[in-house]
Amino acid sequence: MEKHYTDSKVKGVSTGTTILAAIFDGGVVIGSDSRASMGGEYVSSKTINKVIQVHDRIFCCMAGSLADAQAVIKSAKSHLSFHSVQMESPPLVIAAASVLKELCYKNKDELQAGFLTAGWDSKKGAQVYVVSLGGMLISQQVTIGGSGSTYIYGYVDAKYKPNMTREECLQFATNALALAMGRDNVSGGVAHLVVITGKGVEHVVVPGDKLPRFHDE
Amino acid sequence: MALSTVLETPGAGFNFENATRNAALEALFEGGQTPKPLKTGTTIAGVVFKDGVVLGADTRATSSEVVADKMCEKIHFISPNMYCCGAGTAADTEKTTELLSSNLSIFSLNSGRNPRVVMAVNILQDMLYRYHGQIGANLLLGGVDCTGNHLYTVGPYGDVDKVPYLAMGSGDLAALGILEDGFKHNLELEEAKELVRSSIHAGIMSDLGSGNNIDVCVITKQGVDYIRPYQESEYKDDRKMNYKYRPGTTKVLTEKVVPLKLEVVQETVQKMETA
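Remember, it's a predicted structure, so these values are computed and weren't measured experimentally.

Quick look at the UniProt feature "active site" (unreviewed entry) in chain B
All names here are of chain B.
Working step 1: Following the UniProt record, the feature "active site" (unreviewed entry) maps to T42 here.
Working step 2: Along the chain, the position of T42 falls in the loop between helix 1 (17-28) and strand 1 (44-49).
Working step 3: Residue class for T42 comes out buried when judged on its relative accessible area of 1%.
Working step 4: The residues touching T42, leaving out its near neighbours within four places in the chain, are D58, K74, G86, A87, M168, G169, S170, G171, D207, G209 and S210.

Written out as structure tokens, the structure is:
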């Protein structure tokens, strides 16, 4: 619908988002908001799912053009599944991140999508990787992405501590997402969080009205 | 990939050939003014209710300011358990849904299974993504299969979202207002039909590109009830369509008969074999 798309760098539906991932003692938390927008002024979905499971213990968060991100993730899931069958073992988190990186780098001229990959594998435990728009791949302890991330760099830098407990990390992630959603117009809805440990995967959804409130709200 | 579902196998990986071709064609036109494809100007809506999915659409197709078709069909058949509403470029929605429908019948025949709604959505997503937004089809696909009742939206760039209700087209904002207000989970059939009808009606009233009648399509496990039209426009004109006048309508004032004198110039006889 052309009338919704005014002057946005991303054509079509954009995830225009806040995504984050953080390692705690024994696992990793990855989460996002749930808003999809068009042209920076129309919310085309209040409940879009941006945290996608690409394997049993590996999840990805998408940012950028929704169509591009969904297409890349679809292709990555298929590659990863095949790789896992060939190796006869679950893929490493870095393998998942590398698959995304290859797709983003090789098609960098046509694609507008970036990803956060978080997961747990038996070799290196909990890990977080960032694949940026142009296809750069780096590993970090805690990372944030999307348009809403600019508003919470200060919060993340100040409040993140390595080796937090699971509850502390969940609270940190929820606070960070809530702060970003409060300031960024293209982030909002509910907070989707996934906690991944060696023992399993747990989904936590925090509806908009249950998000933490800060001063002036 | 699943070769049994598509007539032609797409190449591996992403293929942006068509997008680059289109960009090159744009350069040929002066001022970058490529010819604009016909857009229908539409209101379509869909709602998931307790026993299935209800889809609705208006029936006006416009060509700039003229109404080209007053009884256009915007709810397209995909398979016996799935229908798809299309907004955007008329030809694109028509052909994309036809292609999807034929690919799904081939799949059904090959695999012996009824297609699932997710499968149709995946095929649409792959196809529209390959064309990078050049196919102007905003689709609302609803259906019932063994996994439940589903409603999905697919955009022209290939983005997909699973929704409990949605409206698309130029009248979407008006229709969405009604849907946001009236939607509840597990509606009854009559409530769902009335919700869809009033949302399309809102689109027709508030958008110039939407109008005429309202079509409603109800899909449940038992089958499909395609009600066309569900509600006729109040402004329907009363055309007879048949302009035969009985003899005597026009009064005969005078009559003059002039016999023509004809002479036989040539006569040929052809014998027919009738044995």
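Things to note about helix 1 (residues 66-87) of chain A
Working step 1: Between its first and last C-alpha, helix 1 of chain A extends 31 Å over 22 residues, near the 32 Å set by a 1.5 Å rise per residue.
Working step 2: The positive-phi residue at the C-terminal boundary of helix 1 of chain A is E88 of chain A, with phi of around 55°.

A look at the interface of chain B and chain A
Working step 1: Residue-level contacts link 23 residues of chain B with 23 residues of chain A.
Working step 2: Both faces considered, chain B and chain A share a buried interface measuring about 1,900 Å² in area, 53% of it formed by carbon and sulfur atoms.
Working step 3: Our enumeration of links across chain B and chain A arrives at two salt bridges.
Working step 4: In this structure, E180 of chain B engages K46 of chain A in a salt bridge whose closest nitrogen and oxygen atoms are separated by 2.8 Å.
Working step 5: Summed over the shared surface of chain B and chain A, the number is eight residue pairs in polar contact (both at pLDDT 80 or more).
Working step 6: Among the secondary structure elements, those contributing two or more residues to the side of chain B that touches chain A are helix 3 (117-130), strand 9 (160-162), strand 10 (165-168) and helix 4 (172-182) of chain B.
Working step 7: Grouping the constituent residues of the side of chain B that touches chain A by class yields ten nonpolar, seven polar and six charged.

Overview of the sheet that holds strand 7 (residues 58-64) of chain A
By definition, the strands of a sheet pair up through backbone hydrogen bonds, in either a parallel or an antiparallel sense.
Residues and elements named next belong to chain A.
Working step 1: Read from one edge to the other, the open sheet built from five strands follows the order 6-7-8-9-10, with strand pairing classed as antiparallel. At either margin of the open sheet sits one strand with a lone partner, and together these are strand 6 (51-55) and strand 10 (137-139). Adjacent strand axes in the sheet meet at a mean angle of 25° when their direction is disregarded.
Working step 2: Note: strand 9 (residues 125-131) against strand 10, three bridges, orientation antiparallel. Its bridge partner lying in strand 10, V131 is registered against L137.
Working step 3: Sheet contacts for helix 1: strand 6, strand 7 and strand 8 (113-121); angle to strand 6, the most-contacted strand, approximately 20°.
Working step 4: In the packing of helix 2 (residues 93-106) onto the sheet, contacts are made with strand 6, strand 7, strand 8, strand 9 and strand 10, and the angle to strand 8 comes to roughly 165°.

What counts and how
Residues numbered from 1 in each chain as written. Chains lettered and ligands numbered in written order. Predicted model: local features only at pLDDT ≥ 70, side-chain atom pairs only at ≥ 80, totals over all residues. Heavy atoms only, no water. UniProt positions renumbered as here; feature names shortened; annotations may be inferred. Helix = DSSP H or I, 4+ residues; strand = E, 2+ residues; numbered from the N terminus. Buried < 20%, exposed > 50% of the residue type's maximum accessible area, 1.4 Å probe, protein only. Contact = heavy atoms within 4.5 Å. Expected span 1.5 Å × (residues − 1). Buried area = accessible area lost by both parts, 1.4 Å probe. Salt bridge = Lys/Arg side-chain N within 4 Å of Asp/Glu carboxyl O. Polar contact = N/O pair within 3.5 Å; in protein donor to acceptor, adjacent residues only side chain to side chain. Nonpolar A, V, L, I, M, F, W, Y, C, P; charged D, E, K, R; others polar. Pairing = 2+ DSSP bridges. Axes fitted to C-alpha atoms, helices over the stretch in contact; angles between N-to-C directions.

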